[in-house]
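# Working through the structure, step by step
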Amino acid sequence: MTEAPSPAAAAVRPGWGRMGLYLLLGFAAGLPFYLFSATLSLRLARHGVDIVIIGFFAWVSLMSTIKFAWAPLLEKYDVPGFGRFFGKRRGWIMLSQLAIFASTIGMAFTASDTNLPMTALFAVLLAFWTSTLEIAADGWRVELAPNAEEQGPLVAANQWGYRASMVIASGGAIFMAAKFDWTIAYLSVAVLAFVPFPILAAMRPEAEGGGGRSVALVTGIVASAVAMVASIVAVGLVGWALLSAIGSVGISNPGVVSYWVFAVCLLPFMILGASVPWLKKLPWDAPLRRSAAVGPYVDVAWRYGLVVIPILLFISVYRTGDVMANALSHPMFNHLGYGLEQISVADGFVALIAGMLGVTMGGILAAKAPMGWALVIGAVMSALSNWIFAWLAYQSPGGPVWFSLFGVQVTAGDFDLYLAMAIDQFGHGFEGAVFVVYLSLLVNPRFPSAQYALFSGLAFLIPRLLAGLSGVFQKAIGYDGFFIMAGAMSLGALVFLPFIVKAKPRPDDTPAGAAA
């Protein structure tokens, strides 16, 4: 008997309807990302912040890594107002959109970076709500497309939107900062960040509940305001505690700080890996497997058994080159003497075209070729994307004018920057599309949001921990040595590939009719 489609699937038209949705959701998730990562690192560099402190700001992106900690809440609860009318996934996305808008405004009004704790507060809030949006959007995508053939086009559309919006948040924001200032740049992106909200609110509902569209919107906005205030208080308190702890050991001692950050972030994954031999034997009705809080993660160990250990190790290092390049590429551009306008062109037109081409090629390969070969090619592409920056470290801006691009004169030095950025964005776009399809296929459709949050969070854990020390590495081995090292790390993941490429999950043992 054919299984009836879920309300989430029924509310979104198959084919171009779903492609359009994930183009929009990619845009919504990608827009804020650079604002608390690459664009912020450039902003801090322009304000004379020390490279070690800039490196520490890369740890803001760890919010996306630890999003598994609150992902079960998105599986279990609806957002009041939004959820009953628009559905669980869309409700959380809409809440996140409002919070992203507010956090970006906060970053705009702290754009002088004279108070770094306040800069960090709004950067963390922006990262937290961006990660929450990703949890809901990834869960929705896994529900809508359960196999590789369906995932490939959706992932490509999602990545197109993601990379297009990152261009706006990087190249566009940098261009606005060059013409006006950083406050105007961030306010402009905040306005764009709000655009997906009315589009999602105008889409047809999943259920005619909650008193209709108007009541759902008013109730949801009030609930969102409460959630945003709570998040500000929580992040402020946690930040104060962390700064107090760091102050006790000295922020000038990056070695001590890094040990604590590594230990805290790696602990949950180490516990999961060490528990696999016991967890894989649990029956379907064991409390741990049925727990709303940890059940989705226990299920990962139960379905894959001991092979989950090399799977998790592979996931944890595959994207290292991508993240490391993102951490120091823009400070290097600034160090080499490139102006904001040249950087905005590299982050804008060049990155958009190259990135989308890479995403398209990667999505096609992931849908058509054996996954093992696709992952190998992606790792090679990532390595090359870093090594081109090692070459760029020996170039400089200026030189003779070679040609004009849309009225902008391009010198020999500018062309070096644009070439390096094109290769970087193509390679990492290609690698990213392949990897997203691979992670999606690991997920149990019963727990799409929580398990994808676990896998995608682990994928960036070690890379972002290392990225936080990127300033320390740069001072020790220079920009060229840093990018050579990052490229080699991308290839290191292939050591685990023979152990995982044919891994298959165990079939579900839950009896028919039993509660999940």
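Residues numbered from 1 in each chain as written. Predicted model: local features only at pLDDT ≥ 70, side-chain atom pairs only at ≥ 80, totals over all residues. Heavy atoms only, no water.

### Describing the overall build of the chain
Basically, it comes down to this: Helix numbers and strand numbers start at the N terminus; a helix is a DSSP run of H or I with at least 4 residues, a strand a run of E with at least 2. Buried, partly exposed and exposed residues are distinguished by accessible area as a fraction of the type maximum, computed with a 1.4 Å probe on protein chains only: under 20%, between the cut-offs, and over 50%, respectively. Whether two residues touch is decided by their heavy atoms; if any such pair falls within 4.5 Å, the residues are in contact. For the accessible areas, the method is Shrake-Rupley and the probe is 1.4 Å, while residue cover comes only from the protein chains on display.
What the chain contains, in helices and strands, is 25 helices and two strands. Taken over 516 residues, the chain has a buried fraction of 57%. Once local pairs closer than 6 in sequence are excluded, the contacts in the chain between residues at least 24 apart make up 83%. Just so you have it, the chain exposes about 20,400 Å², and 72% of that area is on carbon and sulfur atoms.

### What to know about the nonpolar core
When a protein is soluble and globular, its nonpolar side chains tend to lie buried together. What counts, and what does not: In this description, a nonpolar core means a group of buried Ala, Val, Leu, Ile, Met, Phe, Trp, Tyr and Cys residues linked to one another through side-chain atoms lying within 4.5 Å.
Within the largest apolar cluster, 160 residues are counted, with the highest numbers of intra-cluster contacts made by Phe314, Ile315 and Tyr438. Looking at this core, the element that brings in the most residues is helix α9 (residues 116–144), giving 15 residues. What Tyr438 contacts, discounting residues up to four positions off in sequence, is Ile311, Phe314, Ile315, Met371, Leu375 and Ile500.

### A short note on the pattern of salt bridges
Any two side chains of opposite charge can pair, so long as their charged atoms come close to each other. Here is the rule: Salt bridges are counted wherever a side-chain nitrogen of Lys or Arg sits within 4 Å of a carboxyl oxygen of Asp or Glu.
Considering all chains together, one arrives at seven salt bridges under this definition. A salt bridge links Asp50 to Lys475, with the shortest nitrogen-to-oxygen separation between them at 3.4 Å. Taken together, the positions of Asp50 in the loop between α3 (38–46) and α4 (51–57) and Lys475 in helix α24 (residues 470–492) put the pair 425 residues apart, joining distant regions of the chain. Residue class for Asp50 comes out partly exposed when judged on its relative accessible area of 37%. Classification of Lys475 as exposed rests on a relative accessible area of 52%. With its nearest N and O atoms 3.2 Å apart, the salt bridge here joins Lys67 to Glu134. Here Lys67, found in the loop between α5 (62–65) and α6 (71–76), pairs with Glu134, found in helix α9; they are 67 residues apart in sequence, far enough to count as distant. Here Lys67 falls in the buried class, since its relative accessible area comes to 2%. By relative accessible area, Glu134 is classed as buried at 13%. Through salt bridges with shared partners, a single network forms among Arg319, Asp322 and Glu431.

### Things to note about the packing of aromatic side chains
The criterion, for reference: Two rings from Phe, Tyr or Trp (for Trp, the six-membered ring) form a pair when their centres sit within 6.5 Å of each other. Planes less than 30 degrees apart are called stacked, planes more than 60 degrees apart edge-to-face, and all others tilted. Throughout this description, the term charge over a ring refers to an Arg CZ or Lys NZ atom that lies within 6 Å of the ring centre and within 35 degrees of the ring normal.
Throughout the structure, instances matching the rule amount to 16 aromatic pairs. Plain terms: the ring middles of Phe82 and Phe86 are 6.4 Å apart, the flat faces sit at 65 degrees to each other, and that makes the pair edge-to-face. On the criterion of helical spacing, the pair formed by Phe82 and Phe86 is a turn pair, its members being four residues apart in helix α7 (residues 82–86). For the pair Phe82 and Phe86, a shared accessibility class is recorded, and that class is buried. Put simply, the rings of Phe82, Phe85, Phe86, Phe101, Phe194 and Phe197 touch in pairs and so form one group of aromatic residues. When the ring centre of Tyr186 is taken as origin, the NZ or CZ atom of Arg43, which lies over that ring, is 4.8 Å away.

### Brief notes about helix α11 (residues 182–194)
For clarity, the cut-off: Residue count minus one, scaled by 1.5 Å, sets the expected span of a helix. By construction, the arc corresponds to the directions joining the helix axis to the C-beta atoms. Polar contact is the term for a pair of N or O atoms within 3.5 Å; when the atoms are in protein, one must be able to donate a hydrogen and the other to accept it, and sequence-neighboring residues count only if both atoms are side-chain atoms.
Its 13 residues place the ends of α11 19 Å apart at the C-alpha level, agreeing with the 18 Å of an ideal helix rising 1.5 Å per residue. Buried within α11 are the following residues: Trp182, Ala185, Tyr186, Val189, Ala190 and Ala193. Looking down the long axis of α11, one finds its buried residues gathered within 140 degrees of arc, a one-sided arrangement. The N-cap residue of α11 is Asp181: its side-chain oxygen and the backbone nitrogen of Thr183 are 3.2 Å apart.

### Here's the deal with the environment of Val437
Within the secondary structure layout, Val437 lies in helix α21 (residues 412–442). The class of Val437 is buried, set by a relative accessible area of 0%. Placed 75 residues apart in sequence, Val437 and Gly362 show a C-alpha to C-alpha distance of 9.6 Å.

### Some words on helix α19 (residues 340–368)
Working note: α-helix, 3.6 residues per turn, so residues spaced by three or four point in the same direction. So the rule is basically this: To get the bend at any residue, fit one axis to the seven residues that end at it and another to the seven that begin at it, then take the angle between the two axes.
End to end, α19 covers 40 Å across 29 residues, agreeing with the expected 42 Å (1.5 Å per residue, within 8%). Its maximal kink placed at Ala351, α19 deviates by approximately 50 degrees.

### What to know about the packing of helix α17 (residues 308–318) against helix α22 (residues 448–459)
A pair of packed helices can be characterised by two numbers: the angle between their axes and the separation between those axes. Threshold: To obtain each axis, a line is fitted to C-alpha atoms, and for helices this fit is confined to the stretch in contact; angles are then taken between N-to-C directions over 0 to 180 degrees. Reported orientations rely on four angle classes, namely roughly parallel under 35 degrees, roughly antiparallel over 145, roughly perpendicular from 65 to 115, and oblique for the rest.
Interhelical geometry of α17 versus α22 gives an angle of 55 degrees and a closest axis separation of 6 Å. In terms of orientation, α17 and α22 fall into the oblique class. For the pair α17 and α22, the contacting residues are Leu312, Ile315 and Ser316 in the first and Phe455, Leu458 and Ala459 in the second.

### Structural notes on a nonpolar patch on the surface
Filter applied, for reference: Put simply, a patch holds well-exposed residues, over 30% relative accessible area, that have no salt bridge, with like charges counted together within 9 Å and Val, Leu, Ile, Met, Phe, Trp or Tyr side chains within 5 Å.
Taken together, the side chains of Val380, Leu384, Trp387, Ile484 and Leu491 make up a nonpolar region of the molecular surface, amounting to roughly 400 Å² of accessible area. Put simply, the parts of the chain that give the nonpolar patch at least two residues each are α20 (371–392) and α24. When residues in the nonpolar patch are grouped by element, the largest group, three residues, is from α20. Inspection of the secondary structure puts Ile484 in helix α24. Using a relative accessible area of 46% as the deciding quantity, one classes Ile484 as partly exposed.

### Details of unusual backbone geometry
Unlike most non-glycine residues, Asp113 shows phi in positive territory, near 60 degrees. The topology assignment puts Asp113 in the loop between α8 (88–108) and α9.

### Some remarks on the side chain of Asp424
Mapped onto the fold, Asp424 is located in helix α21. In this structure Asp424 comes out as buried when scored by relative accessible area, which is 5%. At a separation of 2.9 Å, a polar atom in the side chain of Asp424 contacts the side chain of Gln425. Among residues more than four places away in sequence, those in contact with Asp424 are Ala325, Ser385, Ile388 and Phe389.

### Observations concerning the side chain of Ser224
As for its position among the elements, Ser224 is in helix α13 (residues 213–249). Of the residues examined, Ser224 reaches a relative accessible area of 0% and is grouped as buried. For Ser224, the side chain forms a polar contact with the main-chain oxygen of Gly220, separated by 2.7 Å. Among residues more than four places away in sequence, those in contact with Ser224 are Phe82, Leu95 and Leu98.

### Examining the environment of Leu288
In this structure, Leu288 sits in helix α15 (residues 287–290). Between the alpha carbons of Leu288 and Asp299 there is a distance of 9.0 Å; along the sequence they are eleven residues apart. Dropping the residues within four chain positions of it, Leu288 is found in contact with Trp278, Leu279, Leu282, Val294, Gly295 and Val298.

### Quick look at the confidence of the model for the chain
Spelled out, the test is: In predicted models, pLDDT denotes the confidence assigned by the predictor to each residue on a 0 to 100 scale.
Across the chain, the average pLDDT comes to 81, with 87% of residues at 70 or higher. Counting contacts from residues 1–5, a segment whose pLDDT is below 50, to residues more than four positions away or on other chains yields zero contacts.

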